[in-house]
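Now for the letters of each chain:
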Amino acid sequence: MKTINLLNYAKDGWYQAPDGLAEVQSAITGEVIATTGSQGLDFKAMMDHARNVGGPALRKMTFHERAWMLKDLANAIMARKDELYELNYQTGATRTDGWIDIEGGAGTLFSFSSKGRRELPNQRILIDGNMEMLSKGGTFVGQHVWTSLQGVAVHINAFNFPVWGMLEKLGPTLLAGVPAIVKPASATGYLAEAAFRIMIEAGALPPGALQLIMGSTGDLFDHLTLQDVVSFTGSAQTAMKLQTHPVIARESVRFIAERDSLNASILGPDAGPGTPEFDLFIKEVAREMTVKAGQKCTAIRRAMAPAEHIDAVQEALTARLAKVKIGDPREEGVTMGALASRDQLQAVRDAVAELRKSARIVAGNPDEPPVAGGGAFITPILLRSDDPWGSPAVHDVEPFGPVSTIMPYKDMDDAIALANRGMGSLALSLFTFDSKVAEEFVLGSGAYHGRMMILDRTSAKESTGHGSPLPVLVHGGPGRAGGGEEMGGVRGVTHYMQRTALQGAPELLSKIVKQWLPGAEKPAGDVHPFRQRISELEVGYTLKTASRTVTLEDVEHFAHFTGDTFYAHMDEEAAKASPIFEGRVAHGYLILSFAAGLFVEPAPGPVFANTGLENLRFLTPLYPGDSMRVELTVKSKSIRDEEKGEVRWAVYIFNQRDEIVATYDLLTMNRP
């Protein structure tokens, strides 16, 4: 393979360092396949370019425009994925490993694109929670909002997932409207650089949105400000070094860390040999040891089982690991490739040596290369510690490779304490068919783990597994794991935004957030709102309907027609005996139906369909003989594409005394 000269991408141009280049070896052969370096880069200029060019360009875009941009980037990765798979083999990863990294990375962008278009407004400000009343008269209110940070996101990524690790950070960052400077790990940087190049060549990004450092970050941290974010994945030692940088402390720079994690998997006390959960446990531990050759921040490092089953666990795991075929990942039948580098191989051997001081190897040999040549191959190593409380290394030393330690526990309290002894992890898995065991474990251990998977026979077939971070769930953990969170859908987006409490008049705040707030003006007009396209509707535009009297005959007809003959609607004495009613009341759903009859414009027009109803509250009973009227207000609107969009309507139903009977949000699909 021809040596690749890896390039930096700074100020919208490719740049090769003139000297000081480091060599990168193939994990399979040990041969030099790339050179990399960042000497000569002006890091201050890169930060300025991101802030002054990339940031303003991204912030001019709405959430939906940024979401479409992410989809374009994901499509570009997928269209050229074969190029990435070919480079993927040089990292020691199999095709299956590469699928997690490459297509999993693209899938993460697709997920954030979908989330952005479905859950975020087609605006640039994100509302956080409900409006707060701050005055008796309602003229002074509060509203929390999120706005984009006006700085740079510095992404420092690990070697194990060069594509996914980059894209899972970029998805929420770009959706938030923040430019990024990406710094991949050198060992697999050639794969990250190739994926980065594909995104740049897709032409979907505005200038300054992305930059790339293929080497040392130099004095980059000296130029951080309070508007910047550092998102780091790597060792605890490096994380602590970066987090204590004086500029980060002085400027209160946001620091998101995903670092060491001695993740645990627990076989429940009910899941003995012969149960489906036992078989699932063995399969999952073996898989987590061998996928990516165990180079996963979520891999199972500690496998715990009831003391009476520990011998059966050892026997079953040893037999399963014996079937693993190690070799060049391009060869047919190979199920585990190499570690990412010779340096990583030595690091794993050193970690195993520490573990052997308090645990014994029951499968594998760290010192016997399973494949000839200069590659970074190692066998899966299974250790056993029969005294886990007397073996601190098994809870403190993370061998970042195909290594796991099995250990017994006495009872549930012991299992929970052992799981928590890892002092914080990204992921924990529990294999049980007993809901009481699961509840006890969540209550006892949830605070120590970022994600908990409880697997049994009913969910196994569709489960994504112990070690699979998902874009819709948070990825991070407390303590040793770094205390950070990534992804988690919209939660991850807000890591790159500032929450601000706005105070002012409802009308003023409504105009800022582009959403009608209670107390703001409700302009009316001659045109029924259902006759207007989304682009023609004004936020706050209101239809005030005529009144309709609800009769006893209406209530009884509705009861018999629907089958809802609940006593409060049909039994006068029983209704009066209730502490909340004065007599028979109209059905809530009758009120909603009559409300629709009052505000719906029946002729075909811009409204396609009612797609939902949210936040429904019945506040005042409506009695036979009472009248009701409706105020239908355009609360917010969002154009999805050229054919359709969504309008959210605030619906208020009043009685003849102008008391609010019910309120809810109505969603309709409309023409743009």
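Residues numbered from 1 in each chain as written. Predicted model: local features only at pLDDT ≥ 70, side-chain atom pairs only at ≥ 80, totals over all residues. Heavy atoms only, no water.

## A closer look at the side chain of His245
Filter applied, for reference: For helices the rule is a DSSP run of H or I covering at least 4 residues; for strands it is a run of E covering at least 2, with both sets numbered from the N terminus onward. Residues adjacent in sequence count toward polar contacts only when both atoms are side-chain atoms; beyond that, a polar contact is any pair of N or O atoms within 3.5 Å, and within protein one must be able to donate a hydrogen and the other to accept it. Residue contacts are defined here by distance: any two heavy atoms, one from each residue, within 4.5 Å place the two residues in contact.
Residue position: His245 is located in the loop between α7 (236-243) and α8 (246-251). Within polar-contact distance, the side chain of His245 engages the side chain of Asp222 at 3.3 Å. Side-chain polar atoms of His245 contact the backbone nitrogen of Val247, separated by 3.1 Å. Apart from the residues lying within four places of it in its own chain, the contact partners of His245 are Phe221 and Asp222.

## Let's talk about the packing of aromatic side chains
The description of an aromatic ring pair rests on the distance of the ring centres and on the angle between the ring planes. Quick note on the threshold: Only rings of Phe, Tyr and Trp enter the pairing, Trp through its six-membered ring, and a pair is recorded when the two centres are within 6.5 Å. The plane angle decides the type: under 30 degrees is stacked, over 60 is edge-to-face, the rest tilted. Think of it in three bands: residues with accessible area under 20% of the maximum for their type are buried, residues over 50% are exposed, and the middle band is partly exposed, with areas taken using a 1.4 Å probe on protein chains only. Ring-over charges, as used throughout, are those where CZ of Arg or NZ of Lys falls within 6 Å of the ring centre and within 35 degrees of the ring normal.
Counted by the stated rule, this structure contains 12 aromatic pairs. For the pair Phe566 and Tyr567, a centre-to-centre distance of 4.6 Å together with 50 degrees between the ring planes defines the contact as tilted. You can call Phe566 partly exposed: its relative accessible area is 44%. Members of the aromatic cluster, joined through ring pairs, are Tyr9, Trp14 and Phe196. Stacked on the ring of Trp68, the Lys or Arg Arg117 has its end atom at 4.3 Å from the ring centre.

## Notes on the packing of helix α4 (residues 95-119) against helix α5 (residues 164-176)
So the rule is basically this: For helices, the fitted line uses only the C-alpha atoms of the stretch in contact; every axis is such a line through C-alpha atoms, and the angle between N-to-C directions lies from 0 to 180 degrees. For classification purposes, angles smaller than 35 degrees are called roughly parallel, those larger than 145 roughly antiparallel, those between 65 and 115 roughly perpendicular, and all remaining angles oblique. Note on convention: near helix rotated counterclockwise from far helix by under a right angle means a left-handed crossing. Clockwise means right-handed. Residue classes follow a fixed rule: Ala, Val, Leu, Ile, Met, Phe, Trp, Tyr, Cys and Pro count as nonpolar, while Asp, Glu, Lys and Arg count as charged, and any other residue, Gly among them, counts as polar.
One can describe the packing of α4 onto α5 by two numbers: an axis separation of 8 Å at closest approach and a directional angle of 10 degrees. With respect to their mutual orientation, α4 and α5 come out roughly parallel. Taken as a pair, α4 and α5 cross one another with a handedness that is right-handed. Side by side, α4 and α5 meet where Ile100, Asp101, Gly104, Gly105, Ala106, Thr108, Leu109, Phe112 and Gly116 of the first sit next to Trp164, Gly165, Leu167, Glu168, Gly171, Pro172 and Leu175 of the second. Across the contact of α4 with α5, the residue classes break down as eight nonpolar, six polar and two charged.

## Considering the sheet that holds strand β1 (residues 4-5)
Formally: When DSSP finds at least two bridges between two strands, those strands are taken to pair.
Taken in spatial order, the three strands of this open sheet run β1-β5-β4, and their pairing is mixed. One side of each edge strand has no neighbouring strand; the edge strands of this open sheet are β1 and β4 (22-25). Both β4 and strand β5 (residues 32-36) contribute to a ladder of four bridges, which runs antiparallel. Looking at the pairing, Glu23 lines up with Thr35 of β5.

## A closer look at empty space enclosed by the protein
Here is the rule: The distinction between a cavity and a pocket rests on a 1 Å grid over the protein atoms alone: a 1.4 Å probe fits inside a cavity but cannot get out, while a pocket stays open yet meets protein on both sides within 12 Å along at least five of seven lines, and a residue with an atom within 4 Å of a point counts as lining. Grid points are joined across faces, edges and corners, and a volume is the space filled by probe spheres set on the points.
Evaluation of the coordinates by the stated rule reveals three cavities of 30 Å³ or more. Volume-wise, the largest cavity comes out at about 80 Å³. As for the largest cavity, its lining consists of Asn157, Ala158, Asn160, Phe161, Trp164, Gly165, Glu168, Lys169, Thr233, Glu258 and Cys297. Of the residues forming the lining of the largest cavity, the biggest block, four residues, is contributed by α5. Considering only residue class, the lining of the largest cavity consists of four nonpolar, four polar and three charged. In this structure, the second largest cavity encloses a volume near 60 Å³. Considering the residues around the second largest cavity, the lining is formed by Thr91, Gly92, Ala93, Phe159, Asn160, Pro162, Thr188, Lys292, Ala293, Gln295, Ala338 and Ala340. Looking at the lining of the second largest cavity residue by residue, the class counts come to six nonpolar, five polar and one charged.

## Looking at the pattern of salt bridges
Which entries qualify depends on this criterion: Throughout this description, the term salt bridge denotes a Lys or Arg side-chain nitrogen within 4 Å of a carboxyl oxygen of Asp or Glu.
Counted by the stated rule, this structure contains 33 salt bridges. A salt bridge links Arg584 to Glu556, with the shortest nitrogen-to-oxygen separation between them at 3.1 Å. Taken together, the residues Arg584 in the loop between α19 (572-577) and α20 (588-599) and Glu556 in helix α17 (residues 552-562) connect sequence positions 28 residues apart. On the basis of relative accessibility, which here comes to 29%, the residue Glu556 falls in the partly exposed class.

## What about α20?
Which entries qualify depends on this criterion: For a helix, the expected span equals 1.5 Å multiplied by the number of residues minus one.
For α20, which comprises 12 residues, the first-to-last C-alpha distance of 17 Å matches the rise-based estimate of 16 Å (1.5 Å per residue) to within 8%. Every buried residue of α20 is accounted for by Gly588, Leu590, Ile591, Leu592, Phe594, Ala595 and Phe599.

## Some points on the nonpolar core
Test applied: Put simply, a nonpolar core is a bunch of buried Ala, Val, Leu, Ile, Met, Phe, Trp, Tyr and Cys residues held in one set by side-chain atoms that sit within 4.5 Å of each other.
One finds Ile77, Leu170 and Leu174 to be the most contacted residues of the largest nonpolar core, which totals 58 residues. Apart from the residues lying within four places of it in its own chain, the contact partners of Leu174 are Leu58, Arg66, Met69, Leu70, Leu73, Leu205, Ala209 and Leu210. In terms of nonpolar packing, the next biggest core, distinct from the first, is built from 35 residues, Val352, Ala376, Val394 and Val403 among them.

## Thoughts on the sheet that holds strand β13 (residues 263-267)
Strand pairing in a sheet relies on backbone hydrogen bonds. The paired strands run either parallel or antiparallel. Across the sheet, which stays open at both edges, the seven strands sit in the order β15-β16-β17-β14-β13-β18-β19 with mixed pairing between neighbours. Every interior strand has two partners, whereas the edge strands, β15 (360-363) and β19 (449-455), have only one. Shown here is a sheet whose adjacent strand axes are inclined to one another by a mean of 25 degrees, direction ignored. With four bridges joining them, β13 and strand β18 (residues 425-431) adopt parallel strand pairing. Looking across to β18, one finds that Ser265 is bridged to Ser429.

## Points about unusual backbone geometry
A positive phi angle, near 60 degrees, is found at Lys514, a position not held by glycine. Here Lys514 shows up in the loop between α16 (506-513) and β23 (542-544). Judged by relative accessible area, which is 43%, Lys514 ranks as partly exposed. For Asp658, which is not a glycine, the phi torsion comes out positive at approximately 60 degrees.

## Section: the packing of helix α2 (residues 63-79) against helix α6 (residues 189-201)
Packing of α2 against α6 brings their axes to within 9 Å, and their N-to-C directions diverge by 125 degrees. With respect to α6, the axis of α2 lies oblique. Between α2 and α6 the crossing geometry is right-handed. In contact with Leu73, Ala76 and Ile77 of α2, α6 contributes Ala195, Ile198 and Met199. Partitioning the contact of α2 with α6 into residue classes produces six nonpolar, no polar and no charged.

## Structural notes on a negative patch on the surface
Worth spelling out the cut-off: Nonpolar side chains (Val, Leu, Ile, Met, Phe, Trp, Tyr) within 5 Å and like charges within 9 Å form the patches, drawn only from residues with over 30% relative accessible area and no salt bridge. Note on areas: these come from Shrake-Rupley sampling with a 1.4 Å probe, and a residue is covered only by the protein chains present in the view. Residues counted as positive are Lys and Arg, residues counted as negative are Asp and Glu, and His and the chain ends are not counted. Charge coordinates come from a single atom per side chain, which is NZ of Lys, CZ of Arg, CG of Asp or CD of Glu.
The grouping of Asp411, Asp413, Glu439 and Glu440 at the surface amounts to a negative patch. Here Asp413 lies in helix α13 (residues 412-420). Under the relative-accessibility criterion, Asp413 is labelled exposed at 56%.

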